[in-house]
Amino acid sequence: MSMAVAGLLAGMTLGFAGYFGGFGAFLLVAALGAIGFVVGRFLDGDLDPGDLFRPRNRDDRRR
């Protein structure tokens with residue numbers, strides 16, 4: 001599935017949640033979608049758990 005199709009599905013899901021459930025449901029679906037995205041990236045191997053919790057050093061940004 002291309003990223004455009006995935007974005008379309010995510011937008012439609014958020015739209016339905018906002019229309020039928022109100023703003024609270026919209027926020028819940030958006031938060032759960034973001035969590036699912038991070039977990040999916042982690043399971044695909046594109047993201048390491050240390051990337052989320054490791055502080056950035058000033059020396060790393062200069063390289």
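Remember, predicted model here, so these are calculated numbers, not experimental data. (Residues numbered from 1 in each chain as written. Predicted model: local features only at pLDDT ≥ 70, side-chain atom pairs only at ≥ 80, totals over all residues. Heavy atoms only, no water.)

**Topic: the overall build of the protein chain**
(1) Moving on: In terms of helices and strands, the protein chain carries three helices and zero strands.
(2) Moving on: Among the 63 residues that make up the protein chain, the fraction classed as buried is 2%.
(3) Moving on: Total accessible area on the protein chain is roughly 5600 Å²; 65% of this is exposed by carbon and sulfur atoms. (Helix = DSSP H or I, 4+ residues; strand = E, 2+ residues; numbered from the N terminus. Buried < 20%, exposed > 50% of the residue type's maximum accessible area, 1.4 Å probe, protein only. Areas by Shrake-Rupley, 256 points an atom, 1.4 Å probe, with all protein chains shown as cover.)

**As for helix α1 (residues 3-44)**
(1) Moving on: The end-to-end C-alpha separation of α1 is 15 Å, well short of the 62 Å expected for 42 residues at 1.5 Å each.
(2) Moving on: Of all the bends in α1, the largest measures some 145° and sits at Gly21.
(3) Moving on: Gly45 occupies a position one or two residues after α1 and carries a positive phi of about 90°. (Expected span 1.5 Å × (residues − 1). Bend = angle between axes of the 7 residues up to and from the residue.)

**Side note on a nonpolar patch on the surface**
(1) Moving on: Taken together, the side chains of Met1, Val5, Leu8, Leu9, Met12, Phe16, Tyr19 and Phe20 make up a nonpolar region of the molecular surface, amounting to roughly 970 Å² of accessible area.
(2) Moving on: With respect to the helices and strands, the residue Met12 is situated in helix α1. (Patch = residues over 30% accessible without salt bridge, like charges linked within 9 Å, V, L, I, M, F, W, Y side chains within 5 Å. Salt bridge = Lys/Arg side-chain N within 4 Å of Asp/Glu carboxyl O.)

**Points about the confidence of the model for the protein chain**
(1) Moving on: Put simply, the protein chain has an average pLDDT of 79, and 87% of its residues get 70 or more.
(2) Moving on: Averaged pLDDT values for the elements of the protein chain fall to 57 in helix α3 (residues 58-62) and rise to 84 in α1. (pLDDT = per-residue confidence, 0-100.)

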